[in-house]
Amino acid sequence: MNLLLVEDDTVLADALQQQLGRASFKVEWADNGAVAEYLLRKQDFDIAVLDLGLPMVDGLTVLKRVREAGRSLPILVLTALDALEHRVAGLQAGADDYLTKPFDFPELEARLQALLRRGRPAGPAIQLRGLSLDRSARRATVAGEPVELSPREWTLLELLLTERDRVVTKPQIVEAWGSEDSGSIEVYIHRLRKKLDGSGVAVRTVRGLGYLLEATATSA
Ligand code: CA
């Protein structure tokens, strides 16, 4: 996982780089907001840890600009300022989570892992044949008709659609669900197939591997 660490406190940044490295993150470090913006433009990061009080360009501005540019990577804000208004401003500017300094590293790691699991609801709808998933509104339609999906069905369909034409394995599904329960996958696949009827999209079972979403020959 590529992580951008934006922190001007070099002692803290050093410690975090070592700990994040041990937690198998590949870390790039920026010690001011301008370098952070440069790196964000130049490279693809899976996640960012962003201090708010920064030289050159402050963290809140970096955050706003990243979101204005339509970038959706999860961002965890670090702040020494425990005031409620800073937290609110950060979340409004597009932070996904925040931690107040001082914090324990295991807490930071747990939150980063949670953000990576959750992902960030991406903006526009994804579409395949007659199936459309509007991720920001959490609405699914088949041939223009709204379809009711349970949270697990939604997560499953979103995963299959994002990975379309690639096999999605049971462990991937279980991980996306954030559960230990792989026994019910077939039940959910069965329900999903019924709901996708008439969409021109089908879930194919790939024996011993998993499932695959593909457009069928006869489209709706
Ligand atoms: Ca700072």
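This is a predicted model, so every value here is computed, not measured. (Residues numbered from 1 in each chain as written. Predicted model: local features only at pLDDT ≥ 70, side-chain atom pairs only at ≥ 80, totals over all residues. Heavy atoms only, no water.)

Can you walk me through the domain arrangement of the protein in this structure?
Per the domain assignment, the segments making up the protein are domain 1 (2-119) and domain 2 (126-215). A separation of 32 Å is found between the C-alpha centroids of domain 1 and domain 2. (Domains from an automatic or database assignment.)

Any chance you could explain the environment of Glu85 here in plain terms?
As for its position among the elements, Glu85 is in helix α4 (residues 84-92). Taking the C-alpha atoms as reference points, Glu85 and Gly208, separated by 123 residues in sequence, lie 52 Å from one another. (Helix = DSSP H or I, 4+ residues; strand = E, 2+ residues; numbered from the N terminus.)

Sorry, what's going on with the pairing of strand β12 (residues 210-215) here?
As a general feature of sheets, a regular strand has side chains that alternate between the two faces. The pairing of strand β10 (residues 168-169) with β12 spans 2 bridges and is classified as antiparallel. Pairing of Val168 across the sheet is with Tyr211, part of β12. The pairing of strand β11 (residues 201-206) with β12 spans 6 bridges and is classified as antiparallel. Within β12, the residue paired with Val203 across the bridge is Leu213. (Pairing = 2+ DSSP bridges.)

Would you mind showing me how to read the sheet that holds strand β5 (residues 97-100) here?
Two orientations exist for strands paired in a sheet by backbone hydrogen bonds: parallel and antiparallel. One open sheet accounts for 5 strands, arranged β2-β1-β3-β4-β5; its pairing is parallel. Edge positions in the sheet fall to β2 (26-30) and β5, since each of these pairs with one other strand and no more. Along the sheet, successive strands turn relative to each other by an average axial angle of 20°, direction set aside. When strand β3 (residues 47-51) meets strand β4 (residues 75-79), the two strands line up parallel, connected through 4 bridges. By the bridge assignment for β4, Ala48 is matched with Ile75. (Axes fitted to C-alpha atoms, helices over the stretch in contact; angles between N-to-C directions.)

I tried to follow the pairing of β2 on my own but got confused; where do I start?
Taken together, the 5 bridges between strand β1 (residues 2-6) and β2 define a ladder with parallel strand orientation. Among the inter-strand pairings, Asn2 is bridged to a residue of β2, identified as Lys26. Between the parallel pair β1 and β2, the chain is carried across by helix α1 (residues 10-22), and the sense of this crossover is right-handed. (Right-handed = clockwise from strand over helix to strand, strands pointing away.)

What's the story with the coordination of the calcium ion in this structure? I'm lost.
Working reference: metal with six octahedral donors, ideal angles 90 or 180 degrees; metal with four tetrahedral donors, ideal angle 109.5 degrees. Donor atoms from the polypeptide that bind the calcium ion are Asp8 (OD), Asp51 (OD) and Gly53 (O), placed at 2.2 to 2.3 Å. Ordering the donors of the calcium ion by residue number gives the pattern D-x42-D-x1-G. Here Asp8 is found in the loop between β1 and α1, whereas its partner Gly53 is found in the loop between β3 and α3 (59-68), with 45 residues between them in sequence. A relative accessible area of 32% means that Asp8 is categorised as partly exposed. Taking relative accessible area as the criterion, Gly53 reaches 48% and is therefore assigned partly exposed. (Donors = N, O, S within 2.8 Å, 3.2 Å for Na, K, Ca; no water. Buried < 20%, exposed > 50% of the residue type's maximum accessible area, 1.4 Å probe, protein only.)

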